[in-house]
Amino acid sequence: MAIAIGSDHGGFRLKEEIIAFFTEQGIAYHDFGTYSTDSVDYPCISQGVATAVAAGEYERGIIICGTGIGVSIAANKVKGIRAALCHDVFSAQMSREHNDANILTLGERVIGPGLALAIVQKWLSSEFAGGRHANRVKLISEME
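The rules behind the values
- Residues numbered from 1 in each chain as written.
- Predicted model: local features only at pLDDT ≥ 70, side-chain atom pairs only at ≥ 80, totals over all residues.
- Heavy atoms only, no water.
- Pairing = 2+ DSSP bridges.
- Helix = DSSP H or I, 4+ residues; strand = E, 2+ residues; numbered from the N terminus.
- Axes fitted to C-alpha atoms, helices over the stretch in contact; angles between N-to-C directions.
- Core = buried A, V, L, I, M, F, W, Y, C linked by side-chain atoms within 4.5 Å.
- Buried < 20%, exposed > 50% of the residue type's maximum accessible area, 1.4 Å probe, protein only.
- Contact = heavy atoms within 4.5 Å.
- Patch = residues over 30% accessible without salt bridge, like charges linked within 9 Å, V, L, I, M, F, W, Y side chains within 5 Å.
- Areas by Shrake-Rupley, 256 points an atom, 1.4 Å probe, with all protein chains shown as cover.
- Salt bridge = Lys/Arg side-chain N within 4 Å of Asp/Glu carboxyl O.
- Right-handed = clockwise from strand over helix to strand, strands pointing away.

Q: Please clarify how the sheet that holds strand β4 (residues 83-85) should be interpreted in this entry.
A: In a beta sheet, neighbouring strands are held together by backbone hydrogen bonds and run either parallel or antiparallel to one another. Here five strands make up an open sheet; going across it, the order is β2-β1-β3-β5-β4 and the pairing parallel. Among the strands making up the open sheet, the edge pair consists of β2 (28-31) and β4. Strand-to-strand, the axes of this sheet are offset by a mean angle of 25°, without reference to chain direction. As judged from the five bridges shared by strand β3 (residues 60-65) and strand β5 (residues 103-107), these two strands associate in the parallel manner. Along β5, the bridge assignment pairs Ile63 with Thr105.

This is the structure we're talking about:
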C-alpha cells in the first residue's frame, strides 16, 4: 500500500514523525509537502493529497495541520474523498471499518507523536467492513 502524505506548517513536525515510521516499516509514501515550518495555505496541500487519492494514485492519504480540522474540510471537497479527523485509536478504526475513510487527518497541536503513530497504525491496519455500511457509504457518494 502506498500512502499520500502532506501537512501545512502546523503539522510539519508530526508529518516528519510519521514519515520516519513509514521508512522504518517499509511503507511506500509520497510527501506532498510542506517541507518546512514556513507558513503555507493548507487547502493547497489538502487538494494535492486528496486529488491523488481520488485518482487512485495512492490507496490512502494522511494530512496534518495544527488541529486537523482545516485539512479535513478541504480534503472532503474533492469528489470521492472521505477524510476523517481522528484524535483517538477507536475513531481511526471505525472510520475505516464503518465509513471506508480514505484519508486520515490529524492535528499536531492536539495530539502527541506517540498517540498519532498508534492512530496511524490502527487506521492502516483496519479494513472496510462492508455489509450494511456499504449502502451508507454509497449514499454519501451519491451526495457529491
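Q: Can you help me understand the nonpolar core in this one?
A: Most often, soluble globular proteins keep nonpolar side chains buried together rather than apart. Ranked by size, the top nonpolar core spans 21 residues in total, and within it Ile18, Phe22, Ile62, Leu104, Leu106 and Val120 carry the most contacts. Mapped onto this core, the elements with two or more residues apiece are β1 (2-7), α1 (12-25), β3, β5 and α5 (113-125). When sequence neighbours within four positions are dropped, the list of residues in contact with Phe22 reads Ile3, Ile5, Ile27, Tyr29, Ile62, Val120 and Leu124. Grouped together as the second largest cluster of nonpolar side chains are 15 residues, Cys65, Ala75, Val78 and Ala83 included.

Q: What is the right way to read a nonpolar patch on the surface from this model?
A: Taken together, Ile69, Ile73 and Leu85 make up a surface patch of nonpolar side chains, about 260 Å² in accessible area. Residue Ile69 is classed as partly exposed on the basis of its relative accessible area of 45%.

Q: Can you help me understand the pairing of β2 in this one?
A: Each regular strand carries side chains that alternate between the two faces of the sheet. Pairing of β1 with β2 involves four bridges; the strand directions are parallel. Note on β2: the bridge partner recorded for Ile5 is Asp31. Crossover connection from β1 via α1 to parallel β2: handedness right-handed.

Keep in mind that these numbers describe shape and distance, not what the molecule does.
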